[in-house]
Amino acid sequence: MSQSLFLVTLIVDDYDRAKDFYCGALGFDCVQDDAQSPDNRWLVVKPDGGDGAAFLLAKADTEEQKAAIGNQTGGRVGFFLKTDDFARDHASMLAKGVRFLEEPRHEIYGTVAVFSDPYGNTFDLIQHAAA
């Protein structure tokens, strides 16, 4: 049996705002953007050139969903964006207005810095150390 995680739902307040951030500021590819109804879309974004999981950007409909925006992991870093060139991607993201919550740091496992999306979800941008 073979399995892989291919899609993770990320609750957002507005499809276009989320798409602008993930595809504009982070450089993700828009894999699919299809209207399902006048108020709902199937909007999937994925890191450029990545072979890992993609995000389904899902607009909050209920009060419970709205309360989860930006806090889907209870305040912990919830997502990890691996890069092959930390300096390049960090500089590009800063130039596009991505908000980093700390200066880059060098750990035994690699170079890392925490950033957040417009909703408050936190990510590690990480380049693993050479083995």
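Everything quoted here is computed from the prediction, not taken from an experiment. Once a new chain begins, its residue numbering starts again from 1 and follows that chain's sequence as written. At least 70 in pLDDT is required for a residue's local features to be given in this predicted model, at least 80 for side-chain atom pairs to be given and counted, and no such filter applies to totals for whole chains, interfaces and linings, which use all residues. Heavy atoms throughout the structure, all of them, feed into the side-chain values; hydrogens and water do not.

> Explain the domain arrangement of the protein chain here, please?
In many analyses, interface size is given as the accessible surface area lost on bringing the parts together. For the protein chain, the domain assignment lists domain 1 (1-69) and domain 2 (75-130). In what follows, residue pairs with any heavy atoms lying within 4.5 Å of each other are defined as contacts. At the junction of the two partners, domain 1 supplies 16 residues and domain 2 supplies twelve residues. A 1.4 Å probe defines the accessible area here, and the buried area is the portion of it lost by two parts on being joined, summed over both. Per-residue buried area on domain 1 facing domain 2 is highest for Phe21, Ala25 and Leu26; these three make up 37% of the total on that side. When a carboxyl oxygen of Asp or Glu lies within 4 Å of a side-chain nitrogen of Lys or Arg, that pair is called a salt bridge. Across the contact surface, domain 1 and domain 2 share zero salt bridges. Throughout this description, a polar contact denotes any pair of N or O atoms lying within 3.5 Å of each other; where both atoms belong to protein, one of them has to be capable of donating a hydrogen while the other can accept it, and for residues adjacent in sequence the pair is counted only when both atoms sit in side chains. At the boundary of domain 1 and domain 2, one finds three residue pairs in polar contact (both at pLDDT 80 or more). In this description a helix means any DSSP run of H or I spanning at least four residues, a strand means any run of E spanning at least two, and both kinds are numbered starting from the N terminus. Tallying contributions element by element places helix α1 (residues 15-25) first for the side of domain 1 that touches domain 2, with six residues. The classification used treats Ala, Val, Leu, Ile, Met, Phe, Trp, Tyr, Cys and Pro as nonpolar, Asp, Glu, Lys and Arg as charged, and all other residues, Gly among them, as polar. Grouping the constituent residues of the side of domain 1 that touches domain 2 by class yields twelve nonpolar, one polar and three charged. Annotation comment: domain bounds sourced from an automatic or database domain assignment.

> Could you clarify how one ought to interpret the UniProt feature "domain: VOC" (unreviewed entry) in the protein chain in this entry?
The sites that UniProt annotates as "domain: VOC" (unreviewed entry) are residues 4-128. Along residues 4-128, the helical share is 22% and the strand share 38%, with 21 Å between the first and last C-alpha atoms. UniProt positions are given in the numbering used here, feature names are shortened, and annotations may be inferred rather than shown by experiment.

> Explain the pairing of strand β8 (residues 110-116) to me, please; I cannot follow it from the model alone.
Looking along a regular strand, one sees side chains alternate from face to face of the sheet. Between buried and exposed lies partly exposed: a residue is buried under 20% and exposed over 50% of the maximum accessible area for its type, with that area taken using a 1.4 Å probe on protein chains only. For β8, the buried fraction is high: seven of the seven residues fall into the buried class. Burial along β8 is two-sided: the residues Gly110, Val112, Val114 and Ser116 and Thr111, Ala113 and Phe115 are all buried. Any two strands between which DSSP finds at least two bridges are classified as paired. Where strand β6 (residues 99-100) lies against β8, two bridges are found, and the strand directions are antiparallel. By the bridge assignment for β8, arginine 99 is matched with serine 116. One ladder, built from three bridges, connects strand β7 (residues 105-107) with β8; its direction is antiparallel. Pairing of histidine 106 across the sheet is with threonine 111, part of β8. The turn linking β7 back onto β8 is made up of two residues. When β8 meets strand β9 (residues 122-128), the two strands line up antiparallel, connected through seven bridges. Its bridge partner being in β9, alanine 113 is matched across the sheet by leucine 125. Counted along the chain from β8 to the antiparallel partner β9, the turn is five residues long, and its residue glycine 120 has a positive phi close to 105 degrees.

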